[in-house]
Amino acid sequence: MHLVASKPAARALLFAASLVIPAIATAQQAPFNRAIQVLQARRTAYGLGEQDVANPVVTSQHTDAHNGVTHLYLRQRHAGIEVSGAVADVHLTAAGKVVSMSSNFVPAVATAARTTAPALSAEQAVAAAARALGMPAPRSLRVVQAGTAATGIVFNEAGISLDNILVKLMYQPLANGSMPLAWDVTLAPLDGEHYWNVRVDAATGTLLDKTDYTVSESLRFVPLHQSAQIAAASAPTPATTANKVNAPNSYNVWAVPAESPDHGTRQVVVNPADPLVSPYGWHDTDGVTGAEFTRTSGNNVNAYDDRPNRNAYTTGTSISPMGGPTWNLISPLRMG
């Protein structure tokens with residue numbers, strides 16, 4: 001069916017939207033106004049002056065559906081320029097009552113801020129950030145979304161980033177109490193190993209601070225497995241270690257300490273369940289001899305495909321490997 005809206009219908013829809021959008025904006029503005037009011041009223045408790053809380057910007061705001069509490073996160077600004085890391089959070093009931101709040105706004109922000117005018121351009125800041133990170137110099141850098149220095153400018157990838165390069169003027173509080181003007185630059189190097197957010201001095205290009213949005217975990221299963229074996233060896237013997245499983249449970253897996261198919265070979269393990277915590281095997285759920293499942297489901301896992309994203313196993317639709325009455329889960333593996 002092809003639906004075409006008439007001009008009168010379109011005008012009616014636009015008129016309805018014009019009524020709804022201001023209502024939404026008003027609903028969002030009320031908690032913000034209340035948060036500002038609370039922050040100003042309690043500023044002395046945080047050692048802040050009137051100017052320190054005069055012009056914050058909302059970085060995040062949402063309302064919990066179950067209790068109506070609105071959570072607002074405000075970032076401090078001076079002369080319209082945001083202060084990196086200076087955040088106040090205010091949490092309000094639907095009636096405007098304060099549930100909790102905290103602040104790490106910078107006191108005497110006007111004194112700490114040395115200037116409002118950068119010596120380096122946004123383009124020069126991108127080059128300085130790339131240089132500080134050991135990245136190649138940007139090539140054919142151009143603006144893809146214009147904006148002011150304080151609100152942010154978006155550049156193209158410039159041959160050095162996987163994503164567009166975001167640049168914004170901010171203040172960077174330092175441990176020595178100073179707060180130089182800085183360019184905030186976000187870069188995603190082409191190797192995909194990092195996603196950098198850095199601040200470079202807006203006067204010199206010196207790196208002031210950096211954050212990697214990519215979380216790198218050096219954890220390996222081998223030392224964990226070794227620690228677990230040592231702990232198991234020194235643990236007291238349980239009162240009963242008799243195998244209460246009424247049939248062998250076999251699984252064709254990459255067993256610990258192998259982390260993945262790249263770290264070892266597949267092998268069949270038999271009755272791997274811990275006799276203390278799972279004396280009736282992995283497929284038991286009622287603590288009585290006799291498993292409740294012959295597929296990949298049990299006392300702490302329910303493994304099945306979920307292509308419709310229903311988060312539920314549907315008999316006759318969901319696919320879950322079957323082990324039969326002897327729980328032999330050793331089916332061949334098809335990769336890809």
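Residues numbered from 1 in each chain as written. Predicted model: local features only at pLDDT ≥ 70, side-chain atom pairs only at ≥ 80, totals over all residues. Heavy atoms only, no water.

1. Thoughts on the nonpolar core
Threshold: Side-chain atoms within 4.5 Å are what join buried Ala, Val, Leu, Ile, Met, Phe, Trp, Tyr and Cys residues into a set we call a nonpolar core. Exposure categories follow from relative accessible area, calculated using a 1.4 Å probe and restricted to protein chains: below 20% of the type maximum is buried, above 50% is exposed, and the middle band is partly exposed. In this text, helices come from DSSP runs of H or I with a minimum length of four residues, and strands from runs of E with a minimum of two, each type numbered from the N-terminal end. Should any heavy atoms of two residues lie within 4.5 Å, those residues are counted as being in contact.
Counting residues in each nonpolar core, the largest one holds 48 residues, and the members touching the most others are Phe 105, Ile 165, Val 167, Met 179, Trp 183, Val 185 and Leu 187. Of all the elements, strand E3 (residues 81–92) adds the most residues to this core, at 6 residues. Setting aside its immediate chain neighbours within four residues, Val 167 contacts Ala 122, Val 126, Gly 152, Ile 153, Phe 155, Trp 183, Asp 184 and Val 185.

2. Notes on the layout of surface pockets
We apply this condition: Within this scheme a cavity is a closed region of a 1 Å grid, computed over the protein atoms alone, that accommodates a 1.4 Å probe without allowing it to escape, whereas a pocket is open but has protein on both sides within 12 Å along at least five of seven lines; lining residues each have an atom within 4 Å of a point. Grid points are joined across faces, edges and corners, and a volume is the space filled by probe spheres set on the points. Amino acids are sorted into nonpolar (Ala, Val, Leu, Ile, Met, Phe, Trp, Tyr, Cys and Pro), charged (Asp, Glu, Lys and Arg) and polar (every other residue, Gly among them).
Considered as a void within the structure, the second largest pocket measures approximately 250 Å³ in volume. Forming the walls of the second largest pocket are Tyr 251, Val 253, Trp 254, Ala 255, Val 256, Val 269, Pro 272, Ala 273, Asp 274 and Trp 282. Of the residues contributing to the lining of the second largest pocket, the split by class is 9 nonpolar, no polar and 1 charged.

3. Some remarks on the pairing of strand E7 (residues 165–171)
This is how the line gets drawn: The pairing criterion is simple: DSSP has to find at least two bridges between the two strands.
When you tally the buried positions in E7, you get 6 out of 7 residues, the bulk of the element. Of the strand pairs in this sheet, E3 and E7 are connected by 2 bridges, and their pairing is parallel. When the bridges of E7 are listed, Glu 82 appears paired with Met 170. In terms of strand pairing, strand E6 (residues 153–155) meets E7 through 3 bridges, oriented antiparallel. Following the sheet pairing, Phe 155 is matched in E7 by Ile 165. Bridge count for E7 against strand E8 (residues 181–187) is 6 bridges, and the pairing is antiparallel.

The analysis is restricted to geometry; functional conclusions fall outside its scope.
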